[in-house]
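Close look at the chain arrangement
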Amino acid sequence: MEASRVVTSALLRLPPETAHRGADRLLGLPLPWERIGGAPRSDALGVDLAGIALPNPVGLAAGFDKSCRRLDALSRLGFGYVVGGTITRRPRIGNPRPRIARIRERRSLVNAMGLPNPGADVVARTLLRLPRRGPRFVSIADEDLADALETHALLEPHVDAIELNASCPNVSWGRDRDNEEHLAALLRAIAPRRERPLFVKLPPFRTDVERDVVLALARIARDAGADGLTCSNTRPVADARLASRAGGLSGRDLFPDTVGIVAEVRAATDGALAINACGGIASARDALACLRAGAATVQIYTALVYEGPALVGRIARGISAARPSTARAGLG
Ligand SMILES: Cc1cc2nc3c(=O)[nH]c(=O)nc-3n(C[C@H](O)[C@H](O)[C@H](O)COP(=O)(O)O)c2cc1C
């Protein structure tokens, strides 16, 4: 068994947040992360994402590195890009614990972290001194418009793109209509100031009502000049193991919806925006299904927790092997 698999199994025996802290500490060690991740360097894997040249289309989703201190090591695992955060203007401690629970048999998680993070000033300083090994994005979210603009201004100079988290189930901007208004106002305010690509991360949908809400947000993002969309964040569920009794579902349980969501959002926005698929992606086959549905890239989080870092290389190699057929489908 490879060493990273042994470490991953050991971490999975610990309580989820302890395991996450352990993984975070390990990422701070000077280990050969390129070899551990094992992603190939191949021109065939390169992607242009809203003008950003990515070495491959496999991204790390937001929330894994909430302080952005490990983006360097995570890039070295071979991700095509990494998304740090979500970061808010002021530091937040997040929700009371326990706030992550595993659904091991379904390779899923429920979390109600509530965006713990060190705040935009600290993260700007972290990003300034961190070596830049590959494309890095940062996810931002603030309920208050002025705060969101300041967070954007503080962090944008240090990253290749910003991902606006318009979808955290643990931090609400209000009811659905308020959400639409808030997103429109925020994008209108950011548009004249921004210098780098802007992505909007949307919630997933399942029912017709949810679909209408999400597609409305997608069109607002398009009309306000966003460069791309990340589809999607976690899905709200009840879970009595969490202190808050509810949280966001991630992992395999989301995948049955992910490919369809990508296709529907793409159609609803007339293919005008790049789409990053996210939600339960755990293999090259899953990634390819999303790319064939029109996604430019994929993002992973929960599968990394269950499978360990060698998953990055496995997905990238699988995409590389299938590239000729992807290209034939007009997406290569
Ligand atoms: C513990 C945990 C924390 C997360 N924190 C964030 C976050 O801060 N911002 C965000 O946009 N998404 C966050 N997410 C959502 C992931 O980025 C991703 O959208 C979601 O988990 C679905 O992808 P996956 O099934 O590959 O995990 C978090 C997910 C988990 C499991």
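Residues numbered from 1 in each chain as written. Predicted model: local features only at pLDDT ≥ 70, side-chain atom pairs only at ≥ 80, totals over all residues. Heavy atoms only, no water.

1. Overview of the packing of helix α9 (residues 255-268) against helix α10 (residues 284-292)
Spelled out, the test is: In this description, a line fitted to the C-alpha atoms serves as the axis of each element, helices being fitted only across the stretch in contact, and the angle between N-to-C directions of two axes falls anywhere from 0 to 180 degrees. The secondary structure listing takes helices from DSSP runs of H or I that are at least 4 residues long and strands from runs of E that are at least 2 residues long, numbered from the N terminus. The cut-offs work like this: below 35 degrees is roughly parallel, past 145 is roughly antiparallel, 65 to 115 is roughly perpendicular, and the gaps in between are oblique. Note on definitions: a residue-residue contact is assigned when non-hydrogen atoms from the two residues lie within 4.5 Å. Note on residue classes: Ala, Val, Leu, Ile, Met, Phe, Trp, Tyr, Cys and Pro are nonpolar, Asp, Glu, Lys and Arg are charged, and everything else, Gly too, is polar.
Where α9 contacts α10, the two axes come as close as 8 Å, and the packing angle between them is 25°. Classified by the angle between their axes, α9 and α10 sit roughly parallel to one another. Two secondary-structure elements touch here, α9 through Phe 255, Thr 258, Val 259 and Val 262 and α10 through Asp 286, Ala 289 and Cys 290. In terms of residue class, the contact of α9 with α10 is built from 5 nonpolar, 1 polar and 1 charged.

2. Digging into the environment of Leu 130
Along the chain, Leu 130 falls in the loop between α5 (120-129) and β7 (136-140). Once the C-alpha coordinates of Leu 130 and Ser 232 are considered, the two residues, 102 residues apart in sequence, prove to be 28 Å apart. Leu 130 has contacts with Cys 68, Arg 69, Leu 71, Asp 72 and Arg 136, leaving out every residue within four places of it along the chain.

3. Let's talk about the state of the cysteines
Here is the rule: A pair of cysteine sulfur atoms is labelled a disulfide when the two atoms are within 2.5 Å. Note on exposure labels: buried denotes an accessible area under 20% of the residue type's maximum, exposed denotes more than 50%, and partly exposed covers the range between, all computed with a 1.4 Å probe on protein chains only.
Evaluated as defined, the whole model comprises 0 disulfides. Just so you know, Cys 231 is unpaired, no disulfide at all, and the nearest cysteine sulfur is the one on Cys 278, 9.4 Å from it. Of the residues examined, Cys 231 reaches a relative accessible area of 1% and is grouped as buried.

4. A closer look at the sheet that holds strand β3 (residues 58-60)
Pairing between the strands of a sheet comes from backbone hydrogen bonds, and it takes one of two forms, parallel or antiparallel. Using the following cut-off: Any two strands with at least two DSSP bridges between them are considered paired.
The sheet built from 8 strands closes into a barrel, its strands ordered β3-β4-β7-β8-β9-β10-β13-β14 with parallel pairing. The sheet shows a mean angle of 25° between the axes of neighbouring strands, direction not considered. Relative to strand β9 (residues 198-202), helix α8 (residues 208-223) is tilted by about 175°, and along the sheet it contacts β9 and β10 (228-231).

5. Notes on the site of the ligand
Heads up, the condition is: If a single non-hydrogen atom of a residue is within 4 Å of a molecule or strand, that residue counts as near it. We define a polar contact as two N or O atoms separated by no more than 3.5 Å, with the added condition that, inside protein, one atom must be a possible hydrogen donor and the other a possible acceptor, whereas residues neighbouring each other in sequence contribute only through side-chain atom pairs. Residue burial considers only the protein chains on display, and all accessible areas are found by Shrake-Rupley using a 1.4 Å probe.
In the vicinity of the ligand lie 23 residues, with Ala 62, Thr 86, Lys 201, Gly 280 and Thr 302 positioned nearest. At 2.6 Å, a backbone N or O of Ala 62 approaches an oxygen atom of the ligand. At a separation of 2.7 Å, an oxygen atom of the ligand approaches a polar side-chain atom of Lys 201. In the complex, the protein chains occlude 98% of the 610 Å² of accessible area that the ligand would expose alone. Secondary-structure elements contributing two or more residues to the shell around the ligand are β4 (81-87), β6 (108-111) and β12 (246-251).

6. Observations regarding the pairing of β9
Burial analysis of β9 places 5 of its 5 residues in the buried class, the great majority of the element. On β9, burial covers both faces: Leu 198, Val 200 and Leu 202 on one face and Phe 199 and Lys 201 on the other are all buried. In this structure, strand β8 (residues 161-165) lies alongside β9, joined through 4 bridges in parallel fashion. Following the sheet pairing, Glu 163 is matched in β9 by Phe 199.

7. Some points on the packing of aromatic side chains
Basically, it comes down to this: Working definition: a ring pair exists when centres of Phe, Tyr or Trp rings (six-membered ring for Trp) sit within 6.5 Å. Plane angles under 30 degrees give stacked, over 60 give edge-to-face, the rest tilted.
Following the criterion strictly, the structure yields 3 aromatic pairs and no others. For the pair Phe 64 and Tyr 301, a centre-to-centre distance of 5.4 Å together with 70° between the ring planes defines the contact as edge-to-face. Here Phe 64, found in the loop between β3 and α4 (71-76), pairs with Tyr 301, found in the loop between β14 (297-300) and α11 (302-307); they are 237 residues apart in sequence, far enough to count as distant. Aromatic pair Phe 137 and Phe 199: ring centres 5.6 Å apart, planes at 10°, arrangement stacked. On the criterion of sequence distance, the pair formed by Phe 137 in strand β7 and Phe 199 in strand β9 is long-range, its members being 62 residues apart. With relative accessibility at 0%, the residue Phe 199 sits in the buried group. Within the aromatic cluster, the residues linked to one another by ring pairs are Tyr 81, Phe 137 and Phe 199.

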